[in-house]
Amino acid sequence: MAASPQSSRKALTWLLVSLALTQAPFILLMPFHIDDGVFLHIAENVGRQPLMPLRQPIIWEGRVWADMMSHSHPPLACYLMYAGLRLGGPHPEAVVHLLMLPFFLLLGWALFEFFRFFRLPPVLGALLAAFSPVVFVSGHTLMMDVPTLSLGLAGVVLAFRGIRDDRTGPILAGGVFTALALLTAYSAIFYVLPPLFFASA
């Protein structure tokens, strides 16, 4: 038996609040680490070259690169990081991490809706996925894993819904989210495939 819309909203609210609370200590206390420095390097260049922030040299794996134009991640999220760096003062870690939190919450929503679409336990499925080590650890870094996954999966879920209900609006919204995912990682092009397969089934 399908859950009522009201109970689904309550479950989704509980899920998102839980995800936000579990990330709060990391937002407040976590220093920049792992590959965060690469994306901060790009974010710092947004103020100097806002239209081409990848056009700057970088030292990576012991080599000096003339620019970052071949970087696998377009700089969409780095504009958010730049805002955090400007707002955060001399110790911007908490502000920058806070600005990345919506991606983790969007992932929670997308997971919930994905499992609900296939009539699987949405809260349990979303929690298991969100608290898997690779997702949870990446959720409080500045790397593009969670932004790409959240935007891409949101695009898939919305497209699925539009195809099932024969509605153009959700399909277009799914296209917007997929386009945004592509602006965080070129590999997000593969999120186009599930809706295509679903539409042709």
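Residues numbered from 1 in each chain as written. Predicted model: local features only at pLDDT ≥ 70, side-chain atom pairs only at ≥ 80, totals over all residues. Heavy atoms only, no water.

Student: I tried to follow the packing of helix α4 (residues 93-117) against helix α5 (residues 122-130) on my own but got confused; where do I start?
Tutor: The relative placement of two packed helices is expressed as an angle between their axes plus a distance between the axes. At a closest axis distance of 8 Å, the pairing of α4 and α5 adopts a crossing angle of 135°. As the angle between them shows, α4 and α5 are arranged oblique. For α4 against α5, the interelement crossing comes out right-handed. Counting all contacts with α4, which are made through Phe104, Gly108, Leu111, Phe112, Phe115 and Arg116, the residues of α5 involved are Pro122, Val123, Gly125, Ala126, Ala129 and Ala130. When grouped by side-chain class, the residues that make up the contact of α4 with α5 number nine nonpolar, two polar and one charged. (Axes fitted to C-alpha atoms, helices over the stretch in contact; angles between N-to-C directions. Helix = DSSP H or I, 4+ residues; strand = E, 2+ residues; numbered from the N terminus. Parallel < 35°, antiparallel > 145°, perpendicular 65-115°, else oblique. Left-handed = near helix turned anticlockwise from the far one by under 90°. Contact = heavy atoms within 4.5 Å. Nonpolar A, V, L, I, M, F, W, Y, C, P; charged D, E, K, R; others polar.)

Student: For this particular structure, what's the right way to read empty space enclosed by the protein?
Tutor: Gaps left between atoms show up when a probe the size of a water molecule is rolled over them. One pass over the full model with this rule turns up one cavity of 30 Å³ or more. Reported here for the largest cavity is a volume of approximately 30 Å³. In this structure, the largest cavity is lined by Ile27, His97, Met100, Leu101, Gly139 and His140. The dominant element in the lining of the largest cavity, judged by the number of residues it contributes, is α4, at three residues. Across the lining of the largest cavity, the residue classes break down as three nonpolar, three polar and no charged. (1 Å grid on protein atoms, 1.4 Å probe; cavity = no way out; pocket = protein on both sides within 12 Å on 5 of 7 lines; lining within 4 Å. Points joined across faces, edges and corners; volume = space filled by probe spheres on them.)

Student: Before we go on, may I ask you to explain the nonpolar core in this structure?
Tutor: Counting residues in hydrophobic clusters, the biggest one holds 46 residues, and the most contacted among them are Met81, Met100, Phe104, Trp109 and Leu111. Of all the secondary structure elements, the ones that give two or more residues to this core are α1 (5-29), α2 (36-46), α3 (76-87), α4, α5, α6 (133-139) and α7 (145-165). In terms of residues, this core owes the most to one element, α4, which gives 13 residues. Met100 has contacts with Ala77, Met81, Leu142, Met144 and Pro147, leaving out every residue within four places of it along the chain. (Core = buried A, V, L, I, M, F, W, Y, C linked by side-chain atoms within 4.5 Å. Buried < 20%, exposed > 50% of the residue type's maximum accessible area, 1.4 Å probe, protein only.)

Student: What is the right way to read the layout of surface pockets from this model?
Tutor: Its boundaries defined by the atoms lining it, the second largest pocket holds a volume of some 290 Å³. What lines the second largest pocket is a set of 15 residues, among which Val38, Trp60, Met68, His71 and Ser72 lie closest to the centre. Elements supplying a minimum of two residues to the lining of the second largest pocket: α2 and β1 (58-60). Split by residue class, the lining of the second largest pocket holds eight nonpolar, four polar and three charged.

Student: Please explain the pattern of salt bridges as it appears in this structure.
Tutor: A side chain with one charge may pair with a side chain of the opposite charge, provided their charged atoms come close. Tallying each qualifying case throughout the model produces three salt bridges. The partner of Arg161 in a salt bridge is Glu113, and the shortest N-O contact between them spans 3.0 Å. Pair noted here: Arg161 is in helix α7 and Glu113 is in helix α4, with a separation of 48 residues, a long-range link. Exposure remark for Glu113: the relative accessible area of 7% places this residue in the buried category. Put simply, Arg164 and Asp165 hold a salt bridge, and the shortest N to O gap is 2.9 Å. (Salt bridge = Lys/Arg side-chain N within 4 Å of Asp/Glu carboxyl O.)

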